[in-house]
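Geometric and topological summary
This is what each chain is made of:
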Amino acid sequence: MNIRFYILRRIALVIPTLIGLSILTFSIARVVPGDPVGLAAGPQATEEIKAALRRELGLDQPLPVQYVNYMAGLFRGDWGESLYTRRPVIDALRAFWPATLELTTAAVIIATVLGVPAGVISAMYRNRLPDHVARILSLFFVSFPSFWLAMIFQTWFGLDLGWFPISKRLPVLVAPPAATTGLYLVDSLIQLDFETFLVSLRHLFIPALVLSFGAFASITRITRASMVEALEKDFVRMERAIGIPYRIIIFKYVLRNALIATITVISLNFGWLMAGAILIETIFDWPGLGLYAVKASLSLDFQPIMGIAILYGIVFSIVNILTDIVYGVLDPRIRYG
Amino acid sequence: MAELPSIQPEKRKSARSARWENFARGLYRFRSNTLSMLGLTMLIFILLVAIFAPIIAPYPEDAAGKTRVTARLQPPSEDFAFGTDKIGRDIFSRVVMGTGLALQVGTVIILLATTIGVTIGAISGYAGGWLDDLLMRITDIFLTVPALVLAIAMSAALGKGIINTMIGISLVWWPGFARLTRSLVLSLREEPFVEAAYGIGAGHMRIIFRHILPNAVSPIIIKMTTDFGFAVLTAAALGFIGLGAQPPTPEWGAMINDGRRFFPDEWWIATFPGLAIWLMVFSWNLIGDGLRDVLDPRSRR
């Protein structure tokens, strides 16, 4: 099967799931026992004002009609508007999404850079001291409530030691780089603005580090397990027999085999960390989707929550498809289909 | 004519005793694993704290929100081991009194999620066909979005409060169990003993509950144990956001949220509940890791 057909098929399979997701979030948003409209209209609002607001938002129509309207809107790029700010959800998502993407990607990179070598070392020193240390450390760190650790790190590294800024993506007085991607690190590089690059890197480091702890344990564990499995393959014995240095066997042959399983776990972690970012963002005042989601959920403002859930669903599906493509590149044996 | 050697009755072990022997062997391996024993010790300590909380806590009434205006924001001292919060409640008492709540939250979420997930997974894997497709597509929908995001939406929709948090998290936590159970059932379904049971006329229910599920228990227990800690973490996260337990409930996440405004000057308000969450999650993770070694020997060699 050729690869283009394979990718198209994967995308086609994702669409029913995303439609299902929109039905799910829509149902969640409509079973609310509270009265979001009454809450938004304020305590002084009369019944007529509330009724008018409901009519304006289309909430007086039967549920199936509301759903069809919502779906039609999604495809037109009209994702509804916030009950409170009256700002279109899609604009807010566009504005906040890059910050969350940057934070999550940085965290996944840190977790991979720390976790994969830890897994490799664990496998090489199986059941010896380095293996045990890596295992304890990864379980130790993954057990912290990330939002709590974020507060502690913010205080230690930001206030006490003063090594890193304590919040936001950039200092107030520094203008963000011209937006191409919305990722400050990428945009500042495009502009060849290395000063802004370094400043935003310093802002990013601690939040991303804390976020990465959530992924460290699973990446280490799967790397170790698949390395151990690969090390027992016949080709390793053969390569050792013909005198290929152990290091080369590990890094050139074994790791490549082991990485396939690791990549699945890394891509799953991308989704989990994207959710974890919600908590980290509230601590570091990071202007991403998390702050937006928390505010919306506390005020029963469901259009933004639905929008965020659907955006997360789309991104996660894309990451999964990309993962499958990377599989094919790493392991030509995998037949597409 | 020589007598045919008969099969010795004591050599024909029943499935039950074979399972028991496996269990005993597993228990031995678990006990020889220092880290899992450490986790178990920690968990027993946590259980004891939860059971004797009203005796251990010097001011058990603080859990219900009794105020002590004269002792607001006191740092840790002899009277208040973990200090006091903004209305003078003893943090130590509240952390201790919250232990049982955290255990309950984890237990309810994991039991509900396991029940839903195992049922759906077993039906899906056993029935196959369109029912399998339908159930798995529904499971996929839940798995397209990270659990925390759906849990936030669920809890917001159901309304604040610890009960709704538990329901909300359970409703998004089951798909992992469904996937796991389905894959186990799919492979067990093809085993000769299932075919044999079918051959002698056992009904579907009997085959599922007596022959398939007992053999799928180990991986499910491993997942229950490792998920327990993360379920507690998720509930605490919702409490921290403000969607979960509401004051004056001594829920650790909500207590951290409470202490956030005073951090780092009055660091003790948020620090101790955070350490309590860590201890709880760490103990479950150590146990889960050890169980994985014992029950699934392939995972650790």
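Everything quoted here is computed from the prediction, not taken from an experiment. (Residues numbered from 1 in each chain as written. Chains lettered and ligands numbered in written order. Predicted model: local features only at pLDDT ≥ 70, side-chain atom pairs only at ≥ 80, totals over all residues.)

Take the overall build of chain A next. Per the secondary structure count, chain A includes 13 helices and zero strands. Going residue by residue from the N terminus, the α and β elements of chain A occur as α-α-α-α-α-α-α-α-α-α-α-α-α. Taken along its principal axes, the extent of the C-alpha atoms in chain A is 85 × 55 × 40 Å. Burial statistics for chain A: of 337 residues in total, 39% are counted as buried. Put simply, of all contacts in chain A between residues at least 6 apart along the chain, 72% involve residues at least 24 apart. (Helix = DSSP H or I, 4+ residues; strand = E, 2+ residues; numbered from the N terminus. Buried ≥ 20, exposed ≤ 12 C-beta atoms within 10 Å, placed from the backbone. Contact = placed C-beta atoms within 7 Å.)

This next bit is on the overall build of chain B. From N to C terminus, chain B includes 12 helices and zero strands. With the C-alpha coordinates aligned to their principal axes, the bounding extent of chain B is approximately 95 × 45 × 30 Å. With 301 residues in all, chain B has 46% of them scored as buried. Partitioning the intrachain contacts of chain B with sequence separation of at least 6 by distance along the chain shows that 68% fall at a separation of at least 24.

Now for the interface of chain A and chain B. The interface of chain A with chain B comprises 45 residues on the first partner and 39 residues on the second. Those elements that provide at least two residues to the side of chain A that touches chain B are α1 (3–30), α6 (129–142), α7 (146–160), α9 (194–231), α11 (246–284), α12 (289–298) and α13 (302–330) of chain A. Considering every element that reaches the side of chain A that touches chain B, the biggest residue donor is α1 of chain A, with eight residues. Looking at the side of chain A that touches chain B residue by residue, the class counts come to 34 nonpolar, 11 polar and no charged. (Nonpolar A, V, L, I, M, F, W, Y, C, P; charged D, E, K, R; others polar.)

Residues and elements named next belong to chain B. In a regular helix each residue adds 1.5 Å, so 25 residues correspond to 36 Å; helix α10 (residues 217–241) covers 35 Å between its end C-alpha atoms and thus fits that length. Along α10, the helix axis deviates most sharply at Asp227, where the bend reaches about 30°. Counting buried residues in α10 gives 19 out of 25 residues, a clear majority hidden from the surface. Positive backbone phi, approximately 110°, marks Gly242, located one or two places after α10. (Expected span 1.5 Å × (residues − 1). Bend = angle between axes of the 7 residues up to and from the residue.)

Now for the packing of helix α4 (residues 91–127) of chain B against helix α12 (residues 268–295) of chain B. All names here are of chain B. Closest axis-to-axis distance for the α4/α12 pair is 10 Å, and the angle between their directions is 30°. Judged by the angle between their axes, α4 and α12 are roughly parallel. Pair α4 / α12 crosses with right-handed handedness. Only Trp268, Ile269, Phe272, Pro273, Ala276 and Met280 of α12 make contact with α4, whose side of the interface consists of Ile91, Val95 and Ala102. (Axes fitted to C-alpha atoms, helices over the stretch in contact; angles between N-to-C directions. Parallel < 35°, antiparallel > 145°, perpendicular 65-115°, else oblique. Left-handed = near helix turned anticlockwise from the far one by under 90°.)

Time to look at the confidence of the model for chain A. A low pLDDT score tells you not to read the predicted coordinates there in detail. Looking at chain A as a whole, its pLDDT mean stands at 85, while 96% of the residues score no less than 70. Of all helices and strands in chain A, the one with the weakest mean pLDDT is helix α2 (residues 36–41) of chain A (72), whereas helix α5 (residues 89–124) of chain A scores best (92). (pLDDT = per-residue confidence, 0-100.)

Below, the discussion takes up the nonpolar core. Judged by nonpolar contacts, the single largest core of 161 residues is most densely connected at Ala309 of chain A together with Val232 of chain B. Of the residues forming this core, the biggest block, 17 residues, is contributed by α11 of chain A. Excluding residues that lie within four positions of it along the chain, Ala309 of chain A makes contacts with Leu21 and Thr25 of chain A together with Val145, Val149, Leu150 and Ala153 of chain B. (Core = buried A, V, L, I, M, F, W, Y, C linked by C-beta atoms within 7 Å.)

Residue and element names in this part refer to chain B. Examined against the element boundaries, Leu131 turns out to sit in helix α5 (residues 129–143). Classification of Leu131 by C-beta neighbours within 10 Å gives exposed; the count is 12. Excluding residues that lie within four positions of it along the chain, Leu131 makes contacts with Ile123 and Ser124.

A few words on helix α11 (residues 252–260) of chain B. Judged by how many residues are buried, α11 of chain B sits mostly within the fold: eight of nine residues are covered. Within α11 of chain B, burial applies to Trp252, Gly253, Ala254, Met255, Ile256, Asn257, Asp258 and Gly259 of chain B. Summarising the contacts, the buried residues of α11 of chain B are in contact with α7 of chain A together with α4, α10 and α12 of chain B.

A word on the confidence of the model for chain B. Residues and elements named next belong to chain B. Here chain B shows a mean pLDDT of 85. Residues at 70 or above account for 92%. Per-residue pLDDT, averaged within each element of chain B, yields its smallest value for helix α1 (residues 15–31) (74) and its largest for α4 (93). Taken together, the chains of this predicted complex give a pTM of 0.87 and an interface ipTM of 0.86.

Cis peptide bonds are those with omega within 30 degrees of zero, and the linkage from Pro247 of chain B to Pro248 of chain B qualifies with 5°. Along the chain, Pro248 of chain B turns up in the loop between α10 and α11. Positioned with a positive phi, Asp285 of chain A is a non-glycine residue whose angle comes to about 55°. Summarising the element assignment, Asp285 of chain A is placed in the loop between α11 and α12. At Leu300 of chain A, a position not held by glycine, the phi torsion is positive, near 55°. As for its position among the elements, Leu300 of chain A is in the loop between α12 and α13.

A word on the packing of α10 of chain B against α11 of chain B. Residue and element names in this part refer to chain B. Where α10 contacts α11, the two axes come as close as 6 Å, and the packing angle between them is 35°. In this structure, the crossing between α10 and α11 has a hand that is right-handed. For the pair α10 and α11, contact is made by Ala235, Ala236, Ala237, Leu238, Gly239 and Phe240 and by Trp252, Gly253, Ala254, Ile256 and Asn257, respectively. Grouping the constituent residues of the contact of α10 with α11 by class yields eight nonpolar, three polar and no charged.

Take the environment of Pro250 of chain B next. All names here are of chain B. Among the structural elements, Pro250 can be located in the loop between α10 and α11. Of the residues examined, Pro250 has 27 C-beta atoms within 10 Å and is grouped as buried. For the pair Pro250 and Asn164, spaced 86 residues apart in the sequence, the C-alpha separation amounts to 16 Å. Ignoring any residue separated from it by four or fewer positions in sequence, one finds Pro250 in contact with Ala63, Arg94, Met97, Gly98, Leu101 and Met255.

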